[in-house]
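Inside the fold
Here is how the chains run, residue by residue.
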Amino acid sequence: MQFGFLLEQVVNGLVLGGYYLLIALGLSLIFSVGGIVNLAHGAFYALGAYVSVEITKYLGFGSAIVLSPIAVALLGILFERFILRRFYDADPILSLLVTFGLAMVTEQAIRIIWGAPPISAAIPQAFRGSVFLGDFLFSRYRLLILAVVAAVLLGVWLLLHKTSFGRVVRAGIQRPDMVAALGIRLQPYMTAIVMLGVGMAALGGAFFAPITIVHPAMGAEIITVAFVVVVIGGLGSFWGVVLAAMLVGVVRGITIHFAPAAGEASIYVLMFLVLMMRPRGLLGERIEKFE
Amino acid sequence: MTRYSRRTLLKAGAAFAGVSAIGSPAILRAQAARIKIGHLVPLTGFLGAIGSYAQLGVKMAAEEINASGGIMGKQIDLMSEDSVNPATASTKAQRMIEQDGAVLLFGEISSASSLTIMQVAERNKKVFFSTGARSDALRGKDCNRYSFHCDIPNTVMVNAVGTALKQKGMVKGKKFVTLTADYIFGHDLLKAAKAFFSANDATLIGDELIATDVTDFSPYLLKVRQAKPDVVCCNLAGNQVTNLVKQYAEFGFPYPLVGFNLNTGDAWAMGEGNLSGTWPTVWYHTLDNPASKAFVEAFSKKYGKPPENHAWIEYITLKMIAQAITETKSTESDALIAYFEKQTQFDIMKGRKGYFRSWDHQLVQEAYPFTVKPKGEMKDKWDMLVLGNAVPAAGAELETIYPTKTQNPCNMKA
């Protein structure tokens, strides 16, 4: 009996972890390639949510899920071209400051465009309710999120490991100077990676808009969890982030099941324990950019 | 000369010396032709969404008062800031009184922040109108002479919804699970809910305390399903309510969801088809009376959206304060307290007038239960609620739904 419910919490935690993954993976990628700790990542998540609500009004939910991340990813190009590019070789503190500033500017812009009160969004009728497998319960909508996250994850993995694009990016992460010596310009690759990361954050925002409150400060809320995930997983490690996201989701679910009061603290305790044992995160190898 | 009076004299002398030494700039400011009033509401965090409505309401009231010549010919200088959290709220309140020369304070939605501002008010002997905080304790065991309470307390919200639920046969013999905000307000509301359940033959089979920064409720919802209740009862606050209701609709449980606390701003943020059940409210923009309609029209014209209940309460509170200062011709705390303690009646845009009870400083007024309009019957996205009959019913004394002197342990020091 108890076991069944526990399993339910574990699976639910995995789904939630998958959702954290969308945001954390982009954060991790942008860090790996450009050495930028992008504090504006949450702002793109919020933009993704707002833009998707706007698009849903005219074209429906399905289009919003596709178009909103694309629209925000296009903004990401401008972000890379006019802001990030100046800070790849600079002191990391500068990029921290500038992306933090951008996060605040974006939040304020959202406030000006859409107003401070939250805006409303709802799940399309087809995805409401739960799916049962015997006594085992799933939210239909979260199943959809899980499927999309799995597809995105597979896509990104294939992109990084099975294409020439991916080979250059990975080489660029390891040995930027060597790649340059081979006559390959890393610049366009960085633009593409930033676009990809920002787009994933926006996709997360678009997916969560119907089940969470859409308000200007939503980006600031998610960025903390995303950082915890990246730190636990190990900066720059693809599978580390995947593992950490799942772990964070499951640990939170189980803690809430047995000790609700510790639910929100659990992920920070987890981070603390992991960092005690592995200061570079679960699968992190090196933190070269900071050394 | 007795020893007592000599000490008093010494104290007064010291106070006078202190004031003339360091306080003179404050006195000079106070004599300027403006009346400084401090206003604090949370604009960030889980109450920030409704706080932003509160700030619009107070701005409109101040502009109207100033446009019509101010109070006794003096313009209001409104200092309206984000109270952030209890610690920042009390720091800002202290600063507004000490450095900015505020003659009184008002505002706040968080019961936790309101409590710290109440303590600042008492220490500094300045009046504070707590506009949006609902914890019973604030007007109960934590009450003080300088603090007034405008919103309905938790007990009234429980009574307003409870009465409606009883009429639907949803209480007697039913099993409840509650989801409660984990801070003073939630604890207080849970206490009132428990009292209501045990008085009405209902059982509480599970209660979850939920931190105010939680945005994903799915692990809690799985626990709710495990308990298999007859009714799920939401005692959350601010953003929490919006998030819970959205995710409750997502999971599509068969158990009806009701709640003892909701602000219409949070309901508007939920999205179509998510909210159902019976909830309490202190005011709604469709209330059918001339004063209310005029206010709604002016507000909607100015801001392009209807006022939320926190916009209304800040608006009427500043108007009451202005009336009090005008009629007493004073901004002194003692004069203002005496004015309100006379139980002066105020038009608060409801069917019946309201007044502050002399012994616990609670604004006694009507409350309303509401249900949700079926889809398709809504004129616009703000038109989603159907108000029930005012509680208490017409003809009954307003005070019947408020805690009595024996239930409310308020003991003000003179």
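My aim in this report is to walk through the structure given alongside it, one point at a time. As the structure is a computational prediction, the values presented were derived from the model and not from experiment.

So, how was this worked out
Residues numbered from 1 in each chain as written. Chains lettered and ligands numbered in written order. Predicted model: local features only at pLDDT ≥ 70, side-chain atom pairs only at ≥ 80, totals over all residues. Heavy atoms only, no water. Helix = DSSP H or I, 4+ residues; strand = E, 2+ residues; numbered from the N terminus. Expected span 1.5 Å × (residues − 1). Buried < 20%, exposed > 50% of the residue type's maximum accessible area, 1.4 Å probe, protein only. Contact = heavy atoms within 4.5 Å. Disulfide = S-S within 2.5 Å. Pairing = 2+ DSSP bridges. Axes fitted to C-alpha atoms, helices over the stretch in contact; angles between N-to-C directions. Phe/Tyr/Trp six-rings, centres within 6.5 Å; stacked < 30°, edge-to-face > 60°. Lys NZ or Arg CZ within 6 Å of the ring centre and 35° of its normal. Buried area = accessible area lost by both parts, 1.4 Å probe. Salt bridge = Lys/Arg side-chain N within 4 Å of Asp/Glu carboxyl O. Polar contact = N/O pair within 3.5 Å; in protein donor to acceptor, adjacent residues only side chain to side chain. Nonpolar A, V, L, I, M, F, W, Y, C, P; charged D, E, K, R; others polar.

**Topic: helix α9 (residues 218-233) of chain A**
Residues and elements named next belong to chain A. The first and last C-alpha atoms of α9 sit 23 Å apart over 16 residues, in line with the 22 Å expected at 1.5 Å per residue. All buried positions along α9 are accounted for by M218, G219, I222, I223, V225, A226, V228, V229, V230, I232 and G233. Along its buried surface, α9 packs onto α1 (2-34), α2 (41-59), α10 (238-258) and α11 (266-277). Taken from the residues just after α9, G234 is the one with a positive phi, measuring 105°.

**Looking at the state of the cysteines**
All names here are of chain B. For the structure shown, the criterion picks out one disulfide over all chains. Not engaged in a disulfide, the cysteine C233 finds its nearest cysteine sulfur in C234; these two sulfurs lie 7.2 Å apart. The class of C234 is buried, set by a relative accessible area of 0%.

**A look at the sheet that holds strand β13 (residues 368-372) of chain B**
All names here are of chain B. Strand order in the open sheet formed by three strands is β10-β13-β14, with antiparallel pairing between adjacent strands. Looking at the sheet topology across the chains shown, the edges are occupied by β10 (279-281) and β14 (385-387). Looking at each pair of strands side by side, their axes are set apart by 45° on average, direction ignored. Sheet topology note: the β10/β13 ladder contains three bridges and is antiparallel. Bridged to T281 within β13 is Y368. The sheet strands contacting helix α7 (residues 154-167) are β10 and β13, and the helix crosses β10 at an angle near 135°.

**Considering the packing of aromatic side chains**
Scanning all chains against the criterion turns up 34 aromatic pairs over all chains. With a centroid separation of 6.3 Å and 65° between ring planes, the pair formed by Y141 of chain A and F207 of chain A is classed as edge-to-face. Of this pair, Y141 of chain A sits in helix α5 (residues 140-162) while F207 of chain A sits in helix α8 (residues 187-208); the two residues are 66 residues apart in sequence, bridging distant segments of the chain. F207 of chain A shares its class with Y141 of chain A; the two are buried. The rings of F129, F148, Y339, F340, F346 and F356 of chain B are connected pair by pair, giving a single aromatic cluster. Here the basic side chain of R81 of chain A rests over the ring of F82 of chain A, its NZ or CZ set 5.2 Å away from the ring centre.

**With respect to the interface of chain B and chain A**
At the junction of the two partners, chain B supplies 37 residues and chain A supplies 40 residues. Taking both sides of the interface into account, the surface hidden between chain B and chain A amounts to around 3,100 Å²; carbon and sulfur atoms contribute 50%. Applying the counting rule to chain B against chain A returns four salt bridges. Residue D216 of chain B pairs with R142 of chain A through a salt bridge whose shortest N-O separation is 2.8 Å. Our enumeration of links across chain B and chain A arrives at 20 residue pairs in polar contact (both at pLDDT 80 or more). Those elements that place two or more of their residues in the side of chain B that touches chain A are α3 (48-67), β7 (203-210), α9 (218-227) and α10 (239-251) of chain B. The greatest single-element share of the side of chain B that touches chain A, amounting to eight residues, is contributed by α10 of chain B. In the side of chain B that touches chain A, the residues fall into 15 nonpolar, twelve polar and ten charged.

**Side note on the pattern of salt bridges**
Residue and element names in this part refer to chain B. Throughout the structure, instances matching the rule amount to 24 salt bridges over all chains. R34 serves as the salt-bridge partner of D77, at 3.2 Å between the closest nitrogen and oxygen. Pair noted here: D77 is in strand β2 (residues 75-82) and R34 is in strand β1 (residues 34-41), with a separation of 43 residues, a long-range link. With relative accessibility at 22%, the residue D77 sits in the partly exposed group.

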